[in-house]
Amino acid sequence: MNNSLSAQSEIVAQQADYYTFQLSDKVTRQKVTFKNRYGITLTGDLYIPKNKGNDTLPALAISGPFGAVKEQSSGLYAQNMAERGFITLAFDPSYTGESGGEPRHVASPDINTEDFSAAVDYLGMHGSVDRNKIGIIGICGFGGFALNAAAVDKRVKALATTSMYDMSRVNANGYFDATTSEQRTKTLEQLSGQRWTDAENGTSALAPKGLPDKIEGNEPQFVKDYFDYYKTKRGFHSRSINSNGSWTVTNVLSFMNMPILTYIKEISPRPMLLIAGENAHSRYFSEDAYKAASEPKELMIIPNAVHVDLYDRLNVIPFDKLTNFFTENLK
């Protein structure tokens, strides 16, 4: 679908309780809040299987894609994994969605990594969760944060990523590492100057929207794919930065200077599963992370799939594989 939302759909999508998927009759969903190590209050949705019984269950913390909210892809993952016997928590990252933090529309390689550990804190304190059986799933940019979180947080027993982005690498080096040192220097000079402007104005200027309001036809295919998810009824949500907003101009600064996958080898001996689409523009991030990581590790390439297919295509996302992976590794 490449058309913009109708006026009626826009109204529906902006309702506070709107989700891009229907609630399953096999789970319960409860809005919860918890604080990260920096005192920011995060908001998430806790999904619990209705047939859970009295035993404690393994749990999964889930977030992403970068610029999305829990009512989109992460919530869909959380619901489907809850249907399969896990207690799951899909959460809005700091400074976005219904979570706290000022200014708004900011991301951080450190704080967004911490957000995953804060979700582990919450799950491990829940009476129905076995705190020795907690894993994480990171989607898109939060796949990179999931890897970073698992490297430092030894409570994470297993992790999976889908359509993973290394946000530090892409911001520092551009797609396929095509940015020259001269281009990088020029960008940093511009961003440094923007800090003066922001300081003088007392507010952080917002960048232009990352996606156009309509497709002209000459855009790169991956932009068309993003539009098809974020800007149409398929995946639009009014609180999603990718659907309805933009990041601050200076948002990329810390990513350009702080590589998040430096210590990926420290995830071992805990297992990781990296899932990417065969035709995804982002595939190389997962392939390179796989090469850099230590065993046990697995790279799963989904035939014919593009990046956003792993956001919501139930016939493409390998939920059976994810279920088997976490069942086996959260014993």
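The rules behind these values
Residues numbered from 1 in each chain as written. Predicted model: local features only at pLDDT ≥ 70, side-chain atom pairs only at ≥ 80, totals over all residues. Heavy atoms only, no water. Helix = DSSP H or I, 4+ residues; strand = E, 2+ residues; numbered from the N terminus. Rg over C-alpha atoms; globule rule 2.2 N^0.38 Å. Buried < 20%, exposed > 50% of the residue type's maximum accessible area, 1.4 Å probe, protein only. Contact = heavy atoms within 4.5 Å. Areas by Shrake-Rupley, 256 points an atom, 1.4 Å probe, with all protein chains shown as cover. Lys, Arg positive; Asp, Glu negative; His and termini not counted. Charge placed at Lys NZ, Arg CZ, Asp CG, Glu CD. Arc of directions from axis to C-beta. Pairing = 2+ DSSP bridges. Axes fitted to C-alpha atoms, helices over the stretch in contact; angles between N-to-C directions. Left-handed = near helix turned anticlockwise from the far one by under 90°. Nonpolar A, V, L, I, M, F, W, Y, C, P; charged D, E, K, R; others polar. Right-handed = clockwise from strand over helix to strand, strands pointing away. Core = buried A, V, L, I, M, F, W, Y, C linked by side-chain atoms within 4.5 Å. Phe/Tyr/Trp six-rings, centres within 6.5 Å; stacked < 30°, edge-to-face > 60°. Lys NZ or Arg CZ within 6 Å of the ring centre and 35° of its normal.

## So, the overall build of the protein
Part 1 of the argument: Tallying secondary structure elements over the protein gives eleven helices and eight strands in all.
Part 2 of the argument: For 331 residues, the compact-globule estimate of 2.2 N^0.38 gives 20 Å, and the protein sits close to it at 19 Å.
Part 3 of the argument: Seen through its principal axes, the protein has C-alpha atoms that stretch 55 × 50 × 40 Å.
Part 4 of the argument: Burial status across the protein gives 56% buried among its 331 residues.
Part 5 of the argument: Expressed as a percentage of contacts within the protein between residues at least 6 apart in sequence, the contacts between residues at least 24 apart total 73%.
Part 6 of the argument: Total accessible area computed for the protein in this model is approximately 14,500 Å², and 49% of it derives from carbon and sulfur atoms.
Part 7 of the argument: Positive and negative side-chain charges of the protein, numbering 34 and 37 respectively, have mean locations separated by a distance of 4 Å.

## Observations regarding helix α11 (residues 319–329)
Part 1 of the argument: The complete set of buried residues in α11 reads Phe319, Leu322, Thr323, Phe325 and Phe326. Buried residues along α11 cover an arc of 165 degrees about the axis, so they all sit on one side. What points out from α11, more than 90 degrees from its buried face, is the exposed set Asp320 and Asn324.
Part 2 of the argument: Summarising the contacts, the buried residues of α11 are in contact with β3 (57–63), α2 (73–83), β5 (129–139), β6 (158–162) and β7 (272–277).

## Points about the sheet that holds strand β2 (residues 41–49)
Part 1 of the argument: Read across the open sheet, the eight strands follow the order β1-β2-β4-β3-β5-β6-β7-β8; overall the sheet is mixed. Across the chains shown, the open sheet's two edge strands, defined by having one partner strand only, are β1 (27–35) and β8 (297–302). Averaged over all neighbouring strand pairs, the angle between strand axes comes to 20 degrees, with direction disregarded.
Part 2 of the argument: Along the sheet, α11 contacts β3, β5, β6, β7 and β8; its crossing angle with β6, the most-contacted strand, is approximately 165 degrees.

## With respect to the environment of Asp115
Part 1 of the argument: Considering the arrangement of structural elements, one finds Asp115 in helix α3 (residues 109–125).
Part 2 of the argument: For the pair Asp115 and Ile87, spaced 28 residues apart in the sequence, the C-alpha separation amounts to 18 Å.
Part 3 of the argument: In this view, Asp115 contacts Phe34, Asn36, Leu42, Phe91, Pro93 and Ser94; residues no more than four positions away in its chain are not counted.

## Overview of the environment of Ala207
Part 1 of the argument: Note that Ala207 resides in the loop between α6 (181–201) and α7 (221–230).
Part 2 of the argument: Classification of Ala207 as partly exposed rests on a relative accessible area of 23%.
Part 3 of the argument: Separated by 74 residues in the primary sequence, Ala207 and His281 place their C-alpha atoms 23 Å from one another.
Part 4 of the argument: If sequence neighbours within four positions are ignored, Ala207 has contacts with Ser246, Trp247, Thr248 and Val249.

## Some remarks on the packing of α2 against α11
Part 1 of the argument: Running from N to C, α2 and α11 point in directions that differ by 65 degrees, and their axes come no closer than 10 Å. Considering only the axes of α2 and α11, their crossing is right-handed. Across from Leu76, Tyr77, Asn80 and Met81 in α2, the residues of α11 making contact are Phe319, Leu322, Thr323 and Phe326.
Part 2 of the argument: A breakdown of the residues in the contact of α2 with α11 according to their chemical character gives six nonpolar, two polar and no charged.

## Focus: the pairing of β7
Residues in a regular strand point their side chains to alternate faces of the sheet.
Part 1 of the argument: The buried fraction of β7 amounts to six of the six residues, a majority that puts the element mostly inside the structure.
Part 2 of the argument: Pairing geometry for β6 and β7, over four bridges, is parallel. Bridged to Thr162 within β7 is Ile275.
Part 3 of the argument: Here β7 pairs with β8 via six bridges, running parallel. Paired with Leu273 across the two strands is Glu298, which belongs to β8.
Part 4 of the argument: Handedness of the crossover joining β7 and β8 through helix α9 (residues 283–292) is recorded here as right-handed.

## Quick look at the nonpolar core
Part 1 of the argument: Residues Leu147, Leu322 and Phe326 are the most contacted members of the largest nonpolar core, which totals 90 residues.
Part 2 of the argument: Considering every element that reaches this core, the biggest residue donor is helix α4 (residues 141–152), with seven residues.
Part 3 of the argument: In this view, Leu322 contacts Tyr77, Met81, Ala160, Leu273, Ile275 and Ile317; residues no more than four positions away in its chain are not counted.

## Focus: α7
Part 1 of the argument: Counting buried residues along α7, seven of its ten residues qualify, which places the element largely inside the surrounding structure.
Part 2 of the argument: Taken together, the buried positions of α7 are occupied by Val223, Asp225, Tyr226, Phe227, Asp228, Tyr229 and Tyr230.
Part 3 of the argument: For α7, the elements touching its buried residues are α2, α8 (241–244) and α10 (309–312).

## A closer look at the packing of aromatic side chains
Part 1 of the argument: The tally for this structure, following the rule as stated, stands at 24 aromatic pairs.
Part 2 of the argument: Between Phe66 and Phe142, the aromatic rings sit 6.4 Å apart at their centres with planes inclined by 35 degrees, giving tilted as the arrangement. Separated by 76 residues along the polypeptide, Phe66 in the loop between β3 and α2 and Phe142 in helix α4 bring together distant segments of the chain. The same class applies to Phe66 as to Phe142, namely buried.
Part 3 of the argument: Geometrically, the ring pair formed by Tyr230 and Tyr311 is edge-to-face, given 6.0 Å between the ring centres and 70 degrees between the ring planes. Of this pair, Tyr230 sits in helix α7 while Tyr311 sits in helix α10, and the two are 81 residues apart along the sequence. Considered together, Tyr230 and Tyr311 belong to a single accessibility category, that of buried residues.
Part 4 of the argument: Members of the aromatic cluster, joined through ring pairs, are Tyr165, Tyr175, Phe176, Phe222, Tyr226, Tyr229, Tyr230, Tyr284, Phe285 and Tyr311.
Part 5 of the argument: Sitting over the face of the ring of Tyr19, Arg29 holds its NZ or CZ atom 3.5 Å from the ring centroid.
Part 6 of the argument: Over the face of the ring belonging to Tyr290 we find Lys297, whose NZ or CZ atom lies 4.5 Å from the ring centre.

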